[in-house]
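# Observations on the model geometry
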Amino acid sequence: MTLRIAMWSGPRNISTAMMRAWENRTDCTVMDEPFYGAYLAATGRDHPMRAEVLAAMETKWQAVAQACAADGDRPLIFQKHMCQHMIAEAPLNWMRSCVHAFLIRPPVEVAASFGQKFAEMTAEDLGFQRQAELFDRVSQMAGAAPPVIEARDVLAAPEAMLRALCDRFDVPFDPQMLSWPAGRRETDGIWAAHWYGAVERSTGFARPAPPAKAVPEHRQIVDACKPYYDMLRTYRLDPFAGRVPAGE
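Residues numbered from 1 in each chain as written. Predicted model: local features only at pLDDT ≥ 70, side-chain atom pairs only at ≥ 80, totals over all residues. Heavy atoms only, no water.

## A few points about the overall build of the chain
Of regular secondary structure, the chain possesses 12 helices and five strands. In terms of overall dimensions, the chain is globule-like: its C-alpha atoms have a radius of gyration of 17 Å, near the 18 Å expected for 248 residues. Here the C-alpha coordinates of the chain stretch approximately 60 × 50 × 40 Å along the principal axes. Among the 248 residues that make up the chain, the fraction classed as buried is 51%. Side-chain charges in the chain split into 27 positive and 30 negative, and the spacing between the mean points of these groups amounts to 2 Å. (Helix = DSSP H or I, 4+ residues; strand = E, 2+ residues; numbered from the N terminus. Rg over C-alpha atoms; globule rule 2.2 N^0.38 Å. Buried < 20%, exposed > 50% of the residue type's maximum accessible area, 1.4 Å probe, protein only. Lys, Arg positive; Asp, Glu negative; His and termini not counted. Charge placed at Lys NZ, Arg CZ, Asp CG, Glu CD.)

In structure tokens, the structure reads:
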């Protein structure tokens with residue numbers, strides 16, 4: 001029996017570091033953005049390394065969906081998904097075979113980072129609206145809201161956050177999730193050469209950087225994304241909620 005964990009993020013988050021954490025467990029395999037090829041083929045978007053991605057990946061939606069719903073050779077499969085890849089024609093019924101979590105980061109920070117890598121950025125590229133729609137879909141399927149993880153919370157308290165997430169999935173926490181060897185993985189998408197420089201140099205979760213400042217030319221995009229981020233953040237997983245500070 002395989003537990004399939006689907007984590008839904010937008011770009012320029014800590015989603016690849018989260019994938020590293022789960023892959024460092026001996027009981028878990030990972031899938032890196034399995035719908036990316038299908039998304040590029042269907043939309044024609046001219047992303048960096050487009051030709052290489054299309055050549056390396058399955059581009060038929062249903063074939064990818066079947067792979068995401070399949071069992072693996074280990075008890076856990078962690079699937080890193082980008083919300084913006086799930087366009088209207090993407091199949092969603094396979095999602096019933098998974099448990100889900102949603103990874104968020106303030107739109108101003110996502111836009112500042114993504115805009116450095118992709119000048120033609122739009123609000124749709126950041127995935128916040130689709131993330132909110134998928135959150136509602138999962139909530140309806142499960143009859144309860146799935147966990148929402150704020151990236152900055154993970155960076156500030158990795159063990160506490162990962163323990164809380166594991167608890168939500170009824171999975172034992174593994175301390176090996178807190179660090180990993182530097183370098184690239186065979187499981188990384190072929191696009192790692194363009195996007196994964198920082199995580200390839202990492203050996204664990206970095207301390208949170210100072211919040212990014214708003215870039216004037218991104219204001220319209222950030223304003224379009226913020227209501228969806230704000231809604232999702234109301235469901236933020238807080239492992240310290242209700243605890244009395246030491247000494248009180």
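## Topic: the confidence of the model for the chain
Taken over all residues, the pLDDT of the chain has a mean of 93, while the share at 70 or more is 97%. Across residues 243-248 the pLDDT falls below 50, and counting only partners more than four positions away or on other chains, this stretch makes zero contacts in the model. (pLDDT = per-residue confidence, 0-100. Contact = heavy atoms within 4.5 Å.)

## Quick word on the layout of surface pockets
Looking at the largest pocket, its volume works out to about 980 Å³. If you go around the largest pocket, you meet 45 residues; those closest to its centre are Arg 12, Asn 13, Ile 14, Arg 105 and Ser 113. Going through the elements one at a time, α1 (15-23), α2 (36-43), β3 (76-82), α5 (107-117), α8 (151-156), α10 (192-195) and α11 (197-201) are the ones with two or more residues in the lining of the largest pocket. With five residues, the single largest contributor to the lining of the largest pocket is α5. In terms of residue class, the lining of the largest pocket is made up of 23 nonpolar, 13 polar and nine charged. (1 Å grid on protein atoms, 1.4 Å probe; cavity = no way out; pocket = protein on both sides within 12 Å on 5 of 7 lines; lining within 4 Å. Points joined across faces, edges and corners; volume = space filled by probe spheres on them. Nonpolar A, V, L, I, M, F, W, Y, C, P; charged D, E, K, R; others polar.)

## Points about empty space enclosed by the protein
Taken as a whole and assessed by the stated rule, the structure comprises one cavity of 30 Å³ or more. The space that makes up the largest cavity amounts to roughly 50 Å³. Lining the largest cavity are Ser 9, Gly 10, Pro 11, Asn 13, Leu 103, Ile 104, Arg 105, Val 110, Leu 126, Gly 127, Phe 128 and Gln 131. At the level of secondary structure, the elements contributing two or more residues to the lining of the largest cavity comprise β4 (99-104) and α7 (128-142). Tallied by class, residues from the lining of the largest cavity come to six nonpolar, five polar and one charged.

## Remarks on the sheet that holds β4
Sheet architecture is open: five strands sit in the order β2-β3-β1-β4-β5, paired in parallel fashion. At either margin of the open sheet sits one strand with a lone partner, and together these are β2 (28-32) and β5 (148-150). Adjacent strand axes in the sheet meet at a mean angle of 25 degrees when their direction is disregarded. Where strand β1 (residues 3-9) meets β3, seven bridges bridge the pair, whose relative direction is parallel. When the bridges of β3 are listed, Trp 8 appears paired with His 81. Running over the sheet, α7 touches β1, β4 and β5 and is turned about 155 degrees from β4. (Pairing = 2+ DSSP bridges. Axes fitted to C-alpha atoms, helices over the stretch in contact; angles between N-to-C directions.)

## Some points on the nonpolar core
The biggest cluster of nonpolar side chains holds 77 residues, and the ones touching the most others in it are Met 18, Trp 22 and Phe 205. Leave out the neighbours within four places in its chain, and Met 18 touches Met 7, Phe 78, Leu 103, Val 154, Leu 162, Leu 165 and Phe 205. (Core = buried A, V, L, I, M, F, W, Y, C linked by side-chain atoms within 4.5 Å.)

## Considerations on the environment of Trp 94
Among the structural elements, Trp 94 can be located in the loop between β3 and β4. Distance from Trp 94 to Ala 70, taken between C-alpha atoms, is 9.4 Å for residues 24 residues apart in sequence. Excluding residues that lie within four positions of it along the chain, Trp 94 makes contacts with Trp 8, Phe 35, Ala 65, Cys 68, Ala 69, Gln 79, His 81 and Met 86.

## What about the packing of α5 against helix α12 (residues 219-233)?
In the contact formed by α5 and α12, the axes pass within 9 Å of each other and the chain directions differ by 135 degrees. When the axis of α5 is compared with that of α12, the two are oblique. For the pair α5 and α12, the crossing hand works out as right-handed. Contacts from Pro 107, Val 108 and Ala 111 in α5 reach Val 222, Cys 225, Lys 226 and Tyr 229 in α12. The residue makeup of the contact of α5 with α12, split by class, is six nonpolar, no polar and one charged. (Parallel < 35°, antiparallel > 145°, perpendicular 65-115°, else oblique. Left-handed = near helix turned anticlockwise from the far one by under 90°.)

## Observations regarding the pairing of β3
Counting buried residues in β3 gives seven out of seven residues, a clear majority hidden from the surface. Covered by surrounding structure in β3 are Leu 76, Phe 78, Lys 80 and Met 82 together with Ile 77, Gln 79 and His 81, the residues of both alternating faces. Pairing of β2 with β3, which is carried by five bridges, proceeds in the parallel orientation. If you follow Asp 32 over to β3, its bridge partner there is Lys 80.

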